[in-house]
Amino acid sequence: MAAIYSLYIINKSGGLIFYKDYGSAGRMDTNDTLRLASLWHSMHAISQQLSPVSGCSGIELLQADNFDLHCFQSLTGTKFFVVCEPGALHMESLLKHIYELYTDYVLKNPFYEMEMPIRCELFDLNLSQAVQKDRVLLLGR
């Protein structure tokens, strides 16, 4: 079984700019993925405001019976989150690596317009390699 079910990248205003499904059991249509991204953006923002801890950056991990949702927010407000199997390890480091790929292959691309959907072949290729490496590491656990 794959550790990662899906990956989402949300811009600072809550728009879904990238989505990749890695073979989750229940595939969602486009409207459902947009709803999920918007809902997560809203829940993340509300959690920052309601947190009793000052300087809280929002929800980083949501655990459910059938999945975990790990989130990383960059300094610019872009959110990266993965839905993965419960108890999957090293998701924080994977998200940070995905952020590095995003900065290297998307933000440095002269044809990419900020806040727009990501359509970058090099990003897709390197992202697939990173996820594949993560799967190999998890199989060896």
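Residues numbered from 1 in each chain as written. Predicted model: local features only at pLDDT ≥ 70, side-chain atom pairs only at ≥ 80, totals over all residues. Heavy atoms only, no water.

Per an unreviewed UniProt entry, the chain goes by Trafficking protein particle complex subunit and derives from Penstemon smallii. Under the UniProt heading Subunit (unreviewed entry), the entry covering the chain gives this text: "Part of the multisubunit transport protein particle (TRAPP) complex." What UniProt records for the chain under Sequence similarities (unreviewed entry) is the sentence "Belongs to the TRAPP small subunits family. TRAPPC4 subfamily." (UniProt positions renumbered as here; feature names shortened; annotations may be inferred.)

Trainee: It is not clear to me how the environment of Cys-56 should be interpreted in this structure. Could you clarify?
Mentor: Position of Cys-56 relative to the elements: it lies in the loop between helix 1 (30-50) and strand 3 (61-63). Beyond its immediate chain neighbours, meaning those up to four positions away, Cys-56 contacts Ser-47, Gln-48 and Ser-51. (Helix = DSSP H or I, 4+ residues; strand = E, 2+ residues; numbered from the N terminus. Contact = heavy atoms within 4.5 Å.)

Trainee: Where do I start with the side chain of His-41 in this structure?
Mentor: Assignment of secondary structure puts His-41 in helix 1. One polar contact links His-41 to Lys-79, side chain to side chain, over a distance of 3.0 Å. Once you skip the residues sitting within four places of it in the chain, His-41 turns out to touch Ile-10, Asn-11, Lys-12, Ser-13, Gly-14 and Lys-79. (Polar contact = N/O pair within 3.5 Å; in protein donor to acceptor, adjacent residues only side chain to side chain.)

Trainee: Before we go on, may I ask you to explain helix 1 in this structure?
Mentor: Because an α-helix packs 3.6 residues into every turn, residues spaced three or four apart end up facing the same way. With 21 residues, helix 1 should reach 30 Å at 1.5 Å per residue; the first-to-last C-alpha distance of 30 Å fits that figure. Residues Thr-33, Ala-37, Trp-40, His-41, His-44 and Ser-47 constitute the buried set of helix 1. Considered in projection along helix 1, the buried side chains sweep an arc of 135° and stay on one side of the axis. Opposite the buried face of helix 1, by more than 90 degrees, sit the exposed residues Arg-35, Gln-49 and Leu-50. (Expected span 1.5 Å × (residues − 1). Buried < 20%, exposed > 50% of the residue type's maximum accessible area, 1.4 Å probe, protein only. Arc of directions from axis to C-beta.)

Trainee: Help me out: how do you make sense of the confidence of the model for the chain in this one?
Mentor: Across the chain, the average pLDDT comes to 87, with 91% of residues at or above 70. Mean pLDDT across the secondary structure elements of the chain bottoms out at helix 3 (residues 121-139), with 81, and peaks at helix 2 (residues 91-107), with 95. (pLDDT = per-residue confidence, 0-100.)

Trainee: Would you take a moment to explain the pairing of strand 4 (residues 68-73) for this structure?
Mentor: Strand residues, when the strand is regular, have side chains that alternate between the two faces of the sheet. Extensive coverage of strand 4 is indicated by the burial of five of its six residues. Alignment of strand 3 against strand 4, held across three bridges, turns out to be antiparallel. Of the residues in strand 4, the one forming a bridge with Leu-61 is His-70. Here strand 3 folds back onto strand 4, and the loop between the two strands holds four residues. The turn joining strand 4 and strand 5 (residues 79-84), which pair antiparallel and follow one another in sequence, is formed by five residues; a positive phi near 95° is taken by Gly-77. (Pairing = 2+ DSSP bridges.)

Trainee: Is there a simple way to think about the sheet that holds strand 1 (residues 4-10) in this case?
Mentor: Strand pairing within a sheet occurs via backbone hydrogen bonds; the two strands may be parallel or antiparallel. Read across the sheet, five strands follow the order 2-1-5-4-3 without closing on themselves; strand pairing throughout is antiparallel. In the strand order of this sheet, the two ends are held by strand 2 (16-21) and strand 3, each with one partner. Strand-to-strand twist across the sheet, computed as the mean angle between neighbouring axes with direction ignored, equals 10°. Direction of pairing for strand 1 relative to strand 5: antiparallel, over a ladder of six bridges. Within the sheet, the bridge partner assigned to Ser-6 lies in strand 5 and is Val-83. The strands that helix 2 touches are strand 1, strand 2, strand 4 and strand 5; relative to strand 5, the one it contacts most, it runs at about 135°. (Axes fitted to C-alpha atoms, helices over the stretch in contact; angles between N-to-C directions.)

Trainee: Please explain the packing of aromatic side chains as it appears in this structure.
Mentor: The geometry of an aromatic ring pair is captured by two quantities: the separation of the ring centres and the angle between the planes. Under the defined criterion, the tally for this structure stands at nine aromatic pairs. Consider the rings of Tyr-8 and Tyr-19, whose centres lie 4.9 Å apart with planes at 50°: the pair is tilted. Here Tyr-19 lies in strand 2 and Tyr-8 lies in strand 1, a separation of eleven residues in the sequence. Ring centres of Phe-80 and Tyr-102 lie 5.3 Å apart, and the angle between their planes is 75°; this geometry places the pair in the edge-to-face category. Note that Phe-80 is positioned in strand 5 and Tyr-102 in helix 2, a separation of 22 residues in sequence. Per residue, the accessibility class of Phe-80 equals that of Tyr-102, and both read buried. The structure contains a cluster of three or more aromatic residues connected by ring pairs, namely Tyr-8, Tyr-19, Trp-40 and Phe-81. (Phe/Tyr/Trp six-rings, centres within 6.5 Å; stacked < 30°, edge-to-face > 60°.)

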